[in-house]
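Observations on the three-dimensional arrangement
For reference, the chains in residue letters:
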Amino acid sequence: MNHFFIITNALKDKELHVTKKIIAYISEKGGAASYAASVDAKGSHMILKKDVPKGTECILVIGGDGTLIRAARDTGDLGIPLIGVNLGKLGYLCELEENTISWAIDELFANHYTVEDRMMLGGYALKKQHTTEEHTALNDIVIHRAGALQIVNLNVSVNGEYLCSFKADGIILATPTGSTGYNMSAGGPIVEPQARMILMTPINSHTLNSRSIVINPEDEVTIELGMRRSEKDEQVVVSFDGDYEVKLEVGDKIVVHQAKDSAKILKISKISFLEILRKKMQTYT
């Protein structure tokens, strides 16, 4: 493996110091590397497939877990494995630090690595007048209230069969990779990231018996914004890994299922998910 593409969060890699260092090191070893900025001084923007050169064998992502999540989502259908270089706080996805980059590149050149296959979610909205385009998420699809501070009524069906209704601030639909994100903060379960399942966790549910629900990855989940009061002016916002917001009104639905593409996360070190989880829990205890 010696052909690389670098996706850089330029807000974290000031003046592209780390990016230029990586390109120089890869060139010295006889490899090829180019880069594109996923986040610049004006904010984030999507990496397009046309930005990734043909023949790329690995995508190095400079920034943090958020940058890696966006990169995996935006390039998922290319099937190119990604590895993250963490320039922020301890994360779950980025296994490299600035001081381990040279070692990692040596290992990649020697083909000493494994690739983890991570499921992603796809979702689209059924609105009164039209159906929105489908977006994907590596971490989660979140439905949360908009406007006034009031609970919303969310009716959940699985494969067309009514399951339950949540009176809550919203619902998180998470992948195993996303189980350690918003899902965990809302009281949802932590899941080994290579597992295959859909986690459904209510946000601040206004019932005492509310729990997370684990759904088969082949299932299709439909969530309808139900009427809670006569005005019918409730609204929710649906976001995909924090991006691509879609507004729903009473009667509108969001349909979520396993995406056809998966994210390929490249691993070099022998550090297990459990070890990362243990360090994370100790840090925030």
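Let me begin by describing the structure that accompanies this report. Nothing here was measured: the structure is a model prediction, and the numbers come from that model. (Residues numbered from 1 in each chain as written. Predicted model: local features only at pLDDT ≥ 70, side-chain atom pairs only at ≥ 80, totals over all residues. Heavy atoms only, no water.)

For the rest of this paragraph, the subject is the overall build of the chain. Across its full length, the chain carries five helices and 17 strands. The dimensions of the chain, computed from C-alpha atoms along their principal axes, are 70 × 40 × 35 Å. Put simply, the chain has 285 residues, and 49% of those count as buried. Across the chain, every contact between residues at least 6 apart in sequence was considered, and the portion connecting residues at least 24 apart equals 69%. Positive and negative charge centroids in the chain, built from 31 and 36 side chains respectively, lie 3 Å apart. (Helix = DSSP H or I, 4+ residues; strand = E, 2+ residues; numbered from the N terminus. Buried < 20%, exposed > 50% of the residue type's maximum accessible area, 1.4 Å probe, protein only. Contact = heavy atoms within 4.5 Å. Lys, Arg positive; Asp, Glu negative; His and termini not counted. Charge placed at Lys NZ, Arg CZ, Asp CG, Glu CD.)

Taken in spatial order, the six strands of this open sheet run 13-12-11-8-15-16, and their pairing is antiparallel. Every interior strand has two partners, whereas the edge strands, strand 13 (213-215) and strand 16 (243-249), have only one. Direction aside, neighbouring strands of the sheet carry axes that sit 20 degrees apart on average. Note: strand 8 (residues 140-145) against strand 15 (residues 235-240), five bridges, orientation antiparallel. Looking at the pairing, Arg145 lines up with Val236 of strand 15. (Pairing = 2+ DSSP bridges. Axes fitted to C-alpha atoms, helices over the stretch in contact; angles between N-to-C directions.)

Take the packing of aromatic side chains next. Inspection of the entire model under this criterion finds one aromatic pair. Taking the ring centre of Phe109 as reference, the NZ or CZ of Lys29 above it sits at 5.1 Å. (Phe/Tyr/Trp six-rings, centres within 6.5 Å; stacked < 30°, edge-to-face > 60°. Lys NZ or Arg CZ within 6 Å of the ring centre and 35° of its normal.)

Helical periodicity: at 3.6 residues per turn, an α-helix aligns residues three or four positions apart in one direction. A rise of 1.5 Å per residue sets the reference length of helix 1 (residues 17-28), with its 12 residues, at 16 Å; its end C-alpha atoms lie 17 Å apart and thus fit the reference within 8%. By the burial criterion, the buried members of helix 1 are Val18, Thr19, Ile22 and Ile26. Viewed end-on, helix 1 has its buried residues packed into an arc of 100 degrees, placing them on one side of the element. Those residues of helix 1 that are exposed and angled more than 90 degrees off the buried face are Lys20 and Glu28. (Expected span 1.5 Å × (residues − 1). Arc of directions from axis to C-beta.)

Quick look at the environment of Val85 now. Along the polypeptide, Val85 turns up in strand 5 (residues 82-86). The sequence separation of Val85 and Ser157 amounts to 72 residues, and the corresponding C-alpha distance is 39 Å. Those residues within four positions of Val85 in sequence are excluded, and the remaining contacts are Val61, Ile62, Gly63, Gly64, Cys94, Leu96, Glu97, Glu98 and Ile101.

Here we take up the nonpolar core. Residues Leu173, Ile223 and Ile254 are the most contacted members of the largest nonpolar core, which totals 29 residues. Leave out the neighbours within four places in its chain, and Leu173 touches Leu121, Asn139, Asp140, Ile141, Ile143, Ile198, Leu199, Met200, Val221, Ile223 and Val256. Core analysis: the next-biggest nonpolar cluster, separate from the first, contains 19 residues, Ile7, Val61, Ala71 and Leu138 among them. (Core = buried A, V, L, I, M, F, W, Y, C linked by side-chain atoms within 4.5 Å.)

By themselves these figures say nothing about function.
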